[in-house]
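Read off the chains here:
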Amino acid sequence: MLGSLKLGRISGIDIRMHWTFLPLAFLFVGLNPSEGLVILLALFGSVLLHELGHSLVAQRFGVHVVDITFWPLGGMARMSEIPEEPRVEGWIAIAGPAVNFVLVALTLPLALLLSFTQLGLLAGFAGKFLLINLILGTFNLAPAFPMDGGRILRAWLARKRNYVRATELAVRAGRVVAVFMIVLSLFLGFVTQTVCILPVIAIFIWFAGGRELMAVRMRHGLSPIGGVPFEGLRTAPPGAEAQRPGAWDQSRGPSRGFTEQEIRELERFRGRLRRPPRTEG
């Protein structure tokens, strides 16, 4: 990823930190050095293990993991592609939250034990590590595509639907969650005077989900905007309108991608798309 600093390599996966994460980290620690550093370390470790959970399971299924990058909203494991198989996507998506819940179960007895000792720094770290993993695991299970919960939802929907339709439904559910996040942030702001990053996360969910839906539609040979097959799209003079195709050639398969001819036609086309008039009989 451009603008990122390589921190190391685990299981063949580059661990990187985007430059936008550094000012945020310095600001966070600068406001309260001792407390901020403990929280930052606990957060960094939790996010790293979460993303490694996704990445190692993905590698198990033969998916190439490009890198894991830290940025202001957390971490992101970049993969070459996720096979359009519900079982594979489901296992990859649930692996991250599962790691967080395992860490909660392992940390809980240690945090309780340290709370009765004089090791205040370690006790504080264990407590914050436990809480961060609990929040991280629970929050990521929200059905907000492209977050983990949204991907689990798409995998579940894709059992009886094609991946385009499953993605459309998952994106729609994610945008409902995004709107709820914005409403909740406004409530917290007016009632409790609390400032949170939920609106930023909501905007990310809205646009990232839409971007991935466009990619899925294009991968299946559909228009990225309306999900309409590209079959029958022909060149037209400037200002003219092109009719949407009325039939989809199923014999060529829904996931064939674009042909060279279709790419050339799309590059030359400058008109608007419209639906063909209905014909009786």
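So, here's what we can say about the structure. Here, residues in each chain are numbered from 1, in the same order as that chain's written sequence. Reporting in this predicted model follows two pLDDT cut-offs: at least 70 for local features of residues, and 80 or more for side-chain atom pairs to be given and counted; totals over whole chains, interfaces and linings ignore these cut-offs and use all residues. Values shown for side chains rest on all heavy atoms present in the structure; no hydrogens or waters enter the calculation.

Our next topic: the overall build of the chain. Strands here are runs of E lasting at least two residues and helices are runs of H or I lasting at least four, both read from the DSSP assignment and numbered beginning at the N terminus. Across its full length, the chain carries 8 helices and 6 strands. Secondary structure elements of the chain occur, N-terminal to C-terminal, as β-β-α-α-β-β-α-α-α-α-α-β-α-β. Two residues form a contact once any of their heavy atoms are found within 4.5 Å. Taking the contacts inside the chain whose residues are at least 6 apart along the sequence as the reference set, 60% of them involve residues at least 24 apart. Note on areas: these come from Shrake-Rupley sampling with a 1.4 Å probe, and a residue is covered only by the protein chains present in the view. Put simply, the chain shows about 16,500 Å² of open surface, and 67% of that area lies on carbon and sulfur atoms.

Further remarks concern the sheet that holds strand β1 (residues 4-10). The 4 strands are arranged β1-β2-β3-β4 in an open sheet whose pairing can be described as mixed. Either end of the sheet is taken by a strand with one partner, and the two such strands are β1 and β4 (74-79). Geometrically, the sheet is characterised by an average inter-axis angle of 25° between neighbouring strands, direction not taken into account. Pairing analysis gives 4 bridges linking strand β2 (residues 13-18) to strand β3 (residues 65-71), with the strands arranged parallel. Counted as the bridge partner of M17 is F70 from β3. Strands were regarded as paired on the criterion that DSSP finds at least two bridges between them. Axis definition: a line fit to C-alpha positions, over the contact stretch in the case of helices; interaxial angles, taken between N-to-C directions, run 0 to 180 degrees.

Time to look at unusual backbone geometry. Both trends apply: most residues other than glycine have a negative phi, and most peptide bonds are in trans. Note the cis peptide between F145 and P146, where omega equals 15°. Looking at where P146 falls in the secondary structure, it is placed in the loop between α4 (120-139) and α5 (148-157).

Right, let's get into the environment of D14. Mapped onto the elements, D14 comes out in strand β2. Residue burial is assigned from relative accessible area. The probe radius is 1.4 Å, only protein chains are included, and a residue is buried under 20% of its type maximum, exposed over 50%, and partly exposed in between. Take D14: its relative accessible area is 12%, and that puts it in the buried class. C-alpha separation for the pair D14 and V66, spaced 52 residues apart in sequence, amounts to 7.2 Å. In contact with D14, not counting residues within four places along its chain, are K6, G8, R9, V66, D67 and I68. A distance of 2.5 Å separates the side chain of D14 from the side chain of R9, its partner in a polar contact. We define a polar contact as two N or O atoms separated by no more than 3.5 Å, with the added condition that, inside protein, one atom must be a possible hydrogen donor and the other a possible acceptor, whereas residues neighbouring each other in sequence contribute only through side-chain atom pairs.

We call Phe, Tyr and Trp rings a pair once their centres come within 6.5 Å, taking the six-membered ring for Trp, and we label the pair stacked below 30 degrees between planes, edge-to-face above 60, and tilted otherwise. In the structure shown here, the tally under the stated rule is 4 aromatic pairs. Aromatic pair F21 and F70: ring centres 6.2 Å apart, planes at 55°, arrangement tilted. Of the two residues, F21 is situated in helix α1 (residues 21-31) and F70 in strand β3; the sequence distance between them amounts to 49 residues. Here F21 and F70 have matching classes, each one buried. Linked through ring pairs, F21, F44 and F70 together constitute an aromatic cluster.

Take the nonpolar core next. Here the nonpolar core consists of buried residues drawn from Ala, Val, Leu, Ile, Met, Phe, Trp, Tyr and Cys, with membership extended through side-chain atoms lying within 4.5 Å. Ranked by size, the top nonpolar core spans 19 residues in total, and within it F21, A58, I68, F70, M79 and I92 carry the most contacts. Going through the elements one at a time, β2, α1, α2 (33-60), β3, β4 and α3 (86-114) are the ones with two or more residues in this core. Leave out the neighbours within four places in its chain, and F70 touches I15, R16, M17, H18, F21, F44, V47, L48 and G75. Of all hydrophobic cores here, the second largest spans 9 residues; its members include M147, V177, A178 and A202.

Looking now at the pairing of β4. When a strand is regular, its side chains alternate between the sheet's two faces. Sheet topology note: the β3/β4 ladder contains 6 bridges and is antiparallel. Considered in β4, the bridge of W71 is made with G74.

Residues enter patches when their relative accessible area tops 30% and they take part in no salt bridge; the joining distance is 9 Å for like charges and 5 Å for the nonpolar side chains Val, Leu, Ile, Met, Phe, Trp and Tyr. Basic side-chain nitrogens of Lys or Arg form a salt bridge, by our definition, when they fall within 4 Å of a carboxyl oxygen of Asp or Glu. On the surface, F180, I182, L184, L186, F187, F190 and V191 cluster together into a nonpolar patch covering about 720 Å² of accessible area. The topology assignment puts F180 in helix α6 (residues 163-191). Residue class for F180 comes out exposed when judged on its relative accessible area of 54%.

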